[in-house]
Structure formats: structure tokens, C-alpha cells
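Secondary and tertiary structure notes
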Amino acid sequence: DAKTTQPPSMDCAEGRAANLPCNHSTISGNEYVYWYRQIHSQGPQYIIHGLKNNETNEMASLIITEDRKSSTLILPHATLRDTAVYYCIVRDNNYGQNFVFGPGTRLSVLP
Amino acid sequence: DAGVIQSPRHEVTEMGQEVTLRCKPISGHNSLFWYRQTMMRGLELLIYFNNNVPIDDSGMPEDRFSAKMPNASFSTLKIQPSEPRDSAVYFCASSFGTGRQPQHFGDGTRLSIL
């Protein structure tokens, strides 16, 4: 079973920041938070991951609360091409723990 | 850089036929994963390999499904005989090294069994 809870859908205006929340209240100390997205007809695309510190890369920023029970993925300037289903996944860093994808959040970026 | 390459992109065949899906992982990656995605069940892991050895096939739905990885650059997922309920998008993913490394997915094979 997925260990995360995400809103089923969100809208965001083009050019504005998209903030996608994720609750993972049962996360354990060894588990990382990963974000993927899936654009229609394509495979899931890796975005970012982190353990407890905030992370930033060329695609997005990941903000993890101090208690690690929730996180937010931030797309700083959303474009129409960011319309996709976004998946938040927690996963143990021991080898062999596979990714369990929940239903995710369907983000619609509106012109 | 070339990503994970899957073929064919689309496959339509009649029930009872054998279906073979192919995957070329990213060069240097030593773990390979096969997933299936349907509207009803979402994205499910079928099997994964580490260094060409199958590690966990508990997600394989039944004996009609089999997967092989004869070398580090190639894997197949075979369904024989195929049934309409096998219709889905099948994804292959690969990763490198320790468990925290992200998996990188191919664009999938859309399989339709008539």
C-alpha cells in the first residue's frame, strides 16, 4: 500500500508557482521522499528526492517539514507542459524496496 | 543520453498469441524493473532484476508471464498465451547502485489483446 496521501487534483495558473502537498505521517527514519510525474502517454519521469533537508534542482524544489510527516513539491513557474499526474512516494533506502505508486495528484496548468 | 528504450511502442494481437516486450536499460544501470499500468490498478511492479538476476517476481500475475535478462543491456517480458485482461501499458525502468537511487522509466508498450 502507498504510504502517502495527496489531493486528487489541483489547478495552477501558467507562470505561477505550483505547490503540490503530500502527507506521509508514518514515514520512518530510513525512508526517502521521491517525486515523479507522468505526462499523458509517457513513462513516469523522476523529478527530485530527499531525506530531511530541502532539495532543489533544475526542475523543482522539495520542502520537507522538520518532523518529516509532510512535504511540498514546488514548480516555481508552471508552464502548460507541466500538466501531468504527480506522484509522491516514500521508499526505504535499503536495496530492493520497490516504488509503490499511489493515485497521485492531477495538476492542470491553465493558460 | 539515451534513456530506457522499449519496443514495440504499441502491440495489438489476438488472444492466445505469444507477446514479447523488449527493454534496453540505461547503460551502466544494474537494476531493471518491469511495471504494468491499468486504469483500475494503477502502476504495479511485476518483477525486478539486479545484475541480471531476478530478485523479486511476486508481482507477476501468473505463470503465463515470464521475464528474462540475458545480459546487462537487454530484458524481455513474455506473455504466453495472452488474454484480453492483459491489455495494459507495460513500463520498463532501470536504476544504478544503492536503493535510494531513482528509477528511470521508458515510454512503455501499449498492449491490446483482442
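Refer to the structure printed above.
Residues numbered from 1 in each chain as written. Chains lettered and ligands numbered in written order. Predicted model: local features only at pLDDT ≥ 70, side-chain atom pairs only at ≥ 80, totals over all residues. Heavy atoms only, no water.

**Considerations on the overall build of chain A**
For clarity, the cut-off: Under the scheme used here, helices are H or I runs from DSSP no shorter than 4 residues and strands are E runs no shorter than 2 residues, and both carry numbers assigned from the N terminus. Burial classes: relative accessible area under 20% of the type maximum marks a residue as buried, over 50% as exposed, and values in between as partly exposed (1.4 Å probe, protein chains only). Contacts were defined at the residue level, with two residues in contact if any of their heavy atoms lie within 4.5 Å. Computed with a 1.4 Å probe, the accessible areas rest on the Shrake-Rupley method; for each residue, only the protein chains presented here act as cover. Counted as positive: Lys and Arg. Counted as negative: Asp and Glu, with His and the chain ends omitted from the count. To locate a charge, take atom NZ for lysine, CZ for arginine, CG for aspartate or CD for glutamate.
Each helix and strand counted, chain A has zero helices and nine strands in total. Reading chain A from its N terminus to its C terminus gives the helix and strand order β-β-β-β-β-β-β-β-β. Oriented by its inertia axes, the alpha-carbon framework of chain A measures out at about 40 × 30 × 25 Å. Looking at the 111 residues of chain A, the share that counts as buried comes to 45%. In chain A, the share of contacts with a sequence separation of at least 24, taken over all contacts with a separation of at least 6, comes to 56%. Of the roughly 5700 Å² that chain A leaves accessible, carbon and sulfur atoms contribute 47%. Distance from the positive charge centre (9 side chains) to the negative charge centre (10 side chains) of chain A: 1 Å.

**Observations concerning the pattern of salt bridges**
Residues and elements named next belong to chain A. Applicable threshold: Whenever a carboxyl oxygen of Asp or Glu lies within 4 Å of a side-chain nitrogen of Lys or Arg, that contact is scored as a salt bridge.
Scanning the model with the defined rule gives 10 salt bridges over all chains in all. In this structure, D82 and R37 form a salt bridge, with 2.8 Å as the shortest nitrogen-oxygen distance. Here R37 lies in strand β3 (residues 31-38) and D82 lies in the loop between β7 (70-75) and β8 (84-92), a separation of 45 residues in the sequence. The class for R37 is buried, based on a relative accessible area of 10%.

**Topic: the pairing of strand β3 (residues 19-24) of chain B**
Regular strands place their side chains on alternate faces of the sheet. Our working rule: Strands pair, by our definition, only if DSSP identifies at least two bridges between them.
Sheet topology note: the strand β1 (residues 5-7) of chain B/β3(B) ladder contains three bridges and is antiparallel. Of the residues in β3(B), the one forming a bridge with I5(B) is K24(B).

**Some remarks on the state of the cysteines**
Residues and elements named next belong to chain A. Note the threshold: Cysteine sulfur pairs qualify as disulfides if the two atoms are within 2.5 Å.
Per the stated rule, a full pass over the model turns up two disulfides over all chains. Across a sulfur-sulfur distance of 2.1 Å, C22 and C88 are joined as a disulfide pair. One disulfide, between C22 and C88, carries an S-S torsion of -80 degrees and so falls in the left-handed class. With C22 in strand β2 (residues 18-23) and C88 in strand β8, this pair connects stretches of sequence that are 66 residues apart.

**Considering the packing of aromatic side chains**
Quick reminder of the rule: Between 30 and 60 degrees the pair is tilted, below 30 it is stacked and above 60 it is edge-to-face, where a pair is any two Phe, Tyr or Trp rings, Trp via its six-membered ring, whose centres lie within 6.5 Å.
Counted by the stated rule, this structure contains 10 aromatic pairs over all chains. Ring centres of F33(B) and Y48(B) lie 5.3 Å apart, and the angle between their planes is 25 degrees; this geometry places the pair in the stacked category. Of this pair, F33(B) sits in strand β4 (residues 31-38) while Y48(B) sits in strand β5 (residues 42-50), and the two are 15 residues apart along the sequence. Between Y35(B) and F105(B) the ring centres are 5.1 Å apart and the planes differ by 45 degrees, which places this aromatic pair in the tilted class. Residue Y35(B) is found in strand β4, and its partner F105(B) is found in strand β10 (residues 104-105); the two are separated by 70 residues along the sequence. Take Y35(B): its relative accessible area is 0%, and that puts it in the buried class. Three or more aromatic residues joined by ring pairs form one cluster here, namely Y36(A), Y46(A), Y87(A), F101(A), Y35(B), F91(B) and F105(B).

**Some details on the sheet that holds strand β4 (residues 45-50) of chain A**
All names here are of chain A. Applicable threshold: Lines fitted to C-alpha atoms define the axes here, with helix axes fitted over just the stretch in contact, and angles between the N-to-C directions of these axes take values from 0 to 180 degrees.
Taken in spatial order, the five strands of this open sheet run β1-β9-β8-β3-β4, and their pairing is mixed. Looking at the sheet topology across the chains shown, the edges are occupied by β1 (9-13) and β4. With direction set aside, neighbouring strand axes in the sheet form an average angle of 25 degrees. By the bridge criterion, five bridges tie β1 to strand β9 (residues 105-110) in an arrangement that is parallel. Looking across to β9, one finds that D11 is bridged to S108.

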